[in-house]
Amino acid sequence: MRLGATLLVLLVVVVLGWGAGLFLWADSRIEHVDALSDAQNTPGTTYLIAGSDRREGEAVSADGTEGARTDTIMLLHKAPGGNSYLVSLPRDTLVEIPGHGGYKLNAAYAFGGAALLVETVEEFTGLTVDHYVEVGFDGVANVVDAVGHVNLCVDQDVDDERSGLQMTEGCHDVGGDQALAFVRARYFDPTADLGRQQRQQEFVGALMDRATSPSVILNPLTQARLAGAGSDALVTSEGTGMLAVARMALAARSAMNDGATLPIPVENPEYRTEHSGVAILTDDDDIAEFFGAIADGSAEVPAPE
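Cut-offs used in this document
In this numbering scheme, every chain counts its residues from 1 along its sequence in written order. For this predicted model, a pLDDT threshold of at least 70 governs which residues receive local features, and a threshold of 80 or more governs which side-chain atom pairs are given and counted, while totals over whole chains, interfaces and linings are taken from all residues. In computing side-chain properties, one takes all heavy atoms of the structure into account and sets aside hydrogens as well as water. Here a patch means residues that are over 30% exposed by relative accessible area and free of salt bridges, tied together within 9 Å if like-charged and within 5 Å if nonpolar (Val, Leu, Ile, Met, Phe, Trp, Tyr). Using a 1.4 Å probe, accessible areas were evaluated by the Shrake-Rupley method; residue-level cover was limited to the displayed protein chains. Salt bridges are counted wherever a side-chain nitrogen of Lys or Arg sits within 4 Å of a carboxyl oxygen of Asp or Glu. A simple rule labels every residue: compare its accessible area, found with a 1.4 Å probe on the protein chains alone, to the largest value its type can have, and call it buried under 20%, exposed over 50%, or partly exposed in between. Here Asp and Glu are counted as negative and Lys and Arg as positive; His is not counted, and neither are the chain ends. To locate a charge, take atom NZ for lysine, CZ for arginine, CG for aspartate or CD for glutamate. Where helices and strands are cited, they refer to DSSP runs of H or I of at least four residues and of E of at least two residues respectively, numbered from the N terminus. The span one expects for a helix is its residue count, reduced by one, times 1.5 Å. For this analysis, a polar contact is any N or O atom pair within 3.5 Å, provided that within protein one partner can donate a hydrogen and the other can accept it, and provided that sequence-adjacent residues contribute only side-chain to side-chain pairs. In this analysis, rings of Phe, Tyr and Trp, with Trp reduced to its six-membered ring, are considered paired at centre separations within 6.5 Å, and the interplanar angle assigns stacked below 30 degrees, edge-to-face beyond 60, and tilted for intermediate values. What is meant by a nonpolar core is a set of buried Ala, Val, Leu, Ile, Met, Phe, Trp, Tyr and Cys residues, joined one to another through side-chain atoms within 4.5 Å. Residue contacts are counted whenever heavy atoms from the two residues lie within 4.5 Å of one another. Put simply, the grid is 1 Å and covers the protein atoms alone, a cavity is a trapped set of points that fit a 1.4 Å probe, a pocket is an open set with protein on both sides within 12 Å along at least five of seven lines, and lining residues have an atom within 4 Å of a point. Grid points are joined across faces, edges and corners, and a volume is the space filled by probe spheres set on the points. The nonpolar class holds Ala, Val, Leu, Ile, Met, Phe, Trp, Tyr, Cys and Pro. Asp, Glu, Lys and Arg form the charged class, and all remaining residues, Gly among them, are polar.

A closer look at a nonpolar patch on the surface
A cluster of nonpolar side chains, F23, L24 and L243, forms an exposed patch at the surface whose accessible area comes to about 290 Å². The exposure class of F23 is partly exposed, given its relative accessible area of 32%.

This is the structure we're talking about:
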């Protein structure tokens, strides 16, 4: 009995030591960027999550459609009372970009990288960003392949040449390339960028479910592959390491489990602009009320259907 207890303690020590070592190794591999502003702190903790195509040496157009792009932008806020909210910010949302004027939101990254994107989002939402987390799209496929697959669903047969997404109606276990196409696809969907938001949130939930499954958590080799692929894919603000990323993942999962994945209020989804073609128009008062409720944790969550 004493020998069994000793072996059990030894096993726990080895497992914890492996986990701590892997955590520190992954933390040391994260690339950091100067992204946060000097804006006054707002209550709670706010994460800005961006999915980017970062390409060196390419020209950048005024509307952000070439070169460095952020096609996925999400705001995660944990309010002081504990409620968490995950909000997709459509890349085509018409916003005021400091120093540039009115453009689509994803042009902020093209004009000034992470720092200008953070500043633009802060002005649009009224929330100060505490942590910036950027995920390179090229790394998404590697993260999914590290955990084997994710389960994703579509409500129609899809053969989208532009994204490469090929799925029949229903739910399927897919590998990294198809998961990446799922996140990027929008042209097959008549709701365009708004529909892509929902698929991106579905992907985040599916990846978290897979990454926290017993087959991943209890497999040291899979854990190592996930830690390596995940840290390779990440760029974060200074001071944002694996611990903050882990807290972000828990808050995002809480928001999704509670149904607190909310769309921003939209006035006109097909507003024609001067510089950026068709964009998503919002109303300043509606946006202020929406993010004010998120800031203090009072935003209403739709009842499950």
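There's plenty left to go through after this.
Some words on a negative patch on the surface
A cluster of acidic side chains, namely E267, D284, D285, D286 and E289, defines a negative patch on the protein surface. Here D285 lies in helix α9 (residues 284-296). The exposed category is assigned to D285, whose relative accessible area is 60%.

Considerations on α9
Taking 1.5 Å per residue, 13 residues should reach 18 Å; α9 reaches 18 Å between its end C-alpha atoms and fits that length. Those residues of α9 not exposed but buried are I287, F290, F291, A293, I294 and A295. A distance of 3.1 Å separates the backbone nitrogen of D285 from a side-chain oxygen at the start of α9, and that oxygen is part of D283. Just past α9, the residue G297 takes up positive phi, approximately 80°.

Some points on the packing of aromatic side chains
For the coordinates displayed, the defined rule picks out three aromatic pairs. Ring geometry for F290 and F291: centres 4.9 Å apart, planes at 85°, overall edge-to-face. Relative accessible area serves as the criterion here: at 16%, F290 is assigned to the buried category. Given the relative accessible area of 1%, F291 is considered buried.

Quick look at the nonpolar core
Of all hydrophobic cores here, the largest spans 53 residues; its most connected members are L48, L76, L89, L117, Y132, F291 and I294. Residue contributions to this core peak at nine residues, all from helix α2 (residues 107-125). The residues contacting I294, other than those within four sequence positions of it, are H77, A79, Y85, V87, L127, L262 and A299. Listed in part, the 25 residues of the second largest apolar core include V158, L180, A181 and A233.

Notes on the layout of surface pockets
When its volume is computed, the largest pocket comes out at roughly 1,400 Å³. Around the largest pocket sit 43 residues that line it, and M208, A211, L226, V245 and A249 are the ones nearest its centre. With eight residues, the top contributor of residues to the lining of the largest pocket is helix α8 (residues 242-257). Of the residues in the lining of the largest pocket, the class split is 34 nonpolar, eight polar and one charged.

Some remarks on α8
Since the α-helix packs 3.6 residues into each turn, any two residues three or four apart lie on the same face. Taking 1.5 Å per residue as the helical rise, α8 with its 16 residues ought to reach 22 Å, and the 22 Å between its terminal C-alpha atoms agrees with that figure. Where α8 terminates, the next one or two residues include G259, which has phi positive at roughly 75°.

Details of the pattern of salt bridges
A complete count under the given rule lists four salt bridges for this structure. Measuring nitrogen to oxygen at the nearest pair gives 2.4 Å for the salt bridge that ties R29 to D232. Note that R29 is positioned in helix α1 (residues 2-29) and D232 in helix α7 (residues 220-233), a separation of 203 residues in sequence. The exposure class of D232 is exposed, given its relative accessible area of 57%. A salt bridge links K104 to D92; the nearest nitrogen and oxygen atoms lie 3.8 Å apart. Here K104 is found in strand β6 (residues 101-104), whereas its partner D92 is found in the loop between β4 (84-88) and β5 (94-97), with 12 residues between them in sequence. Residue classification places K104 among the buried residues on the basis of a relative accessible area of 13%. Within the structure, one salt-bridge network assembled from shared partners comprises R91, D92 and K104.

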